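Summary of structural features
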Amino acid sequence: MNTTTSRRHTVVDSPYGALTLVATDGVLCGLYMTDQRHRPAEENFGDRDEAPFGEAIHQLEAYFARELTEFDLPLHFAGTPFQRSVWDRLRQIPYGETRTYGELAEELGNRGASRAVGLANGKNPIGIIVPCHRVIGSSGSLVGYGGGLDRKQRLLGFERGECDDALFPAAAAGVPPAAL
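Right, let's walk through the structure included here. (Residues numbered from 1 in each chain as written. Predicted model: local features only at pLDDT ≥ 70, side-chain atom pairs only at ≥ 80, totals over all residues. Heavy atoms only, no water.)

**Here's the deal with the pairing of strand β1 (residues 7-12)**
The side chains of a regular strand alternate, residue by residue, between the two faces of the sheet. One ladder, built from six bridges, connects β1 with strand β2 (residues 19-24); its direction is antiparallel. From the neighbouring strand, valine 12 faces β2, where its bridge partner is leucine 19. Hairpin connection between β1 and β2: a loop of six residues separates the two successive antiparallel strands, and glycine 17 in this loop has a positive phi of roughly 100°. Across two bridges, β1 lies against strand β4 (residues 47-48) in parallel orientation. Looking at the pairing, histidine 9 lines up with arginine 48 of β4. (Pairing = 2+ DSSP bridges. Helix = DSSP H or I, 4+ residues; strand = E, 2+ residues; numbered from the N terminus.)

**Description of the sheet that holds β1**
Strand order in the open sheet made by the four strands is β3-β2-β1-β4, with mixed pairing throughout. One side of each edge strand has no neighbouring strand; the edge strands of this open sheet are β3 (27-33) and β4.

**Side note on the environment of glycine 79**
Counting through the fold element by element, glycine 79 comes out in the loop between α1 (54-64) and α2 (81-90). Taking the C-alpha atoms as reference points, glycine 79 and asparagine 124, 45 residues apart in sequence, are found 9.0 Å from one another. Among residues more than four places away in sequence, those in contact with glycine 79 are Arg84 and Trp87. (Contact = heavy atoms within 4.5 Å.)

**Digging into the packing of aromatic side chains**
According to the stated counting rule, one finds seven aromatic pairs in the structure shown. Here tyrosine 63 and tyrosine 95 contribute two aromatic rings whose centre-to-centre distance is 6.1 Å and whose plane-to-plane angle is 85°, an arrangement assigned as edge-to-face. In this pair, tyrosine 63 is assigned in helix α1 and tyrosine 95 in the loop between α2 and β5 (99-100), connecting sequence segments 32 residues apart. Among the aromatic residues, those joined into a ring-pair cluster are Tyr16, Tyr63, Phe64, Phe71, Tyr95 and Phe158. (Phe/Tyr/Trp six-rings, centres within 6.5 Å; stacked < 30°, edge-to-face > 60°.)

Structure, rendered in structure tokens:
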């Protein structure tokens, strides 16, 4: 029996900088931003190969073009059962909405687990697609985002429609998003 796994990665531009997509056996298992907290070492990403990422890239482009509000991709999560339950719950937060860590803990059946939810949220390996940016502090404050609070604020504003196409004026002028 062959138990060897194949890891591949590619890097795509976005309005939020370069995004590194990682797949295990052709299934997306990571989406990491530049300078992201808890980003694995590059040598763990496998060979560079765009082939396994066609649909993920297509859906990300549609998301950034405001044509897609819910991703539909097979995902592979490597984490504890609790982490996976948090990440599954994150995918249920509607586009443009937020939840607090406490609300997620309550939805998972453990009101006192908001800190554990926050830790699991912070270790989310598939940013944007698994929308950990939609989780906020109990006071409504923007806290704890592995991609940086500036990115979190921009993603939430983007999803709420608080910014128009002028959000990325350089992109409209033909400047690649990663250069923004």
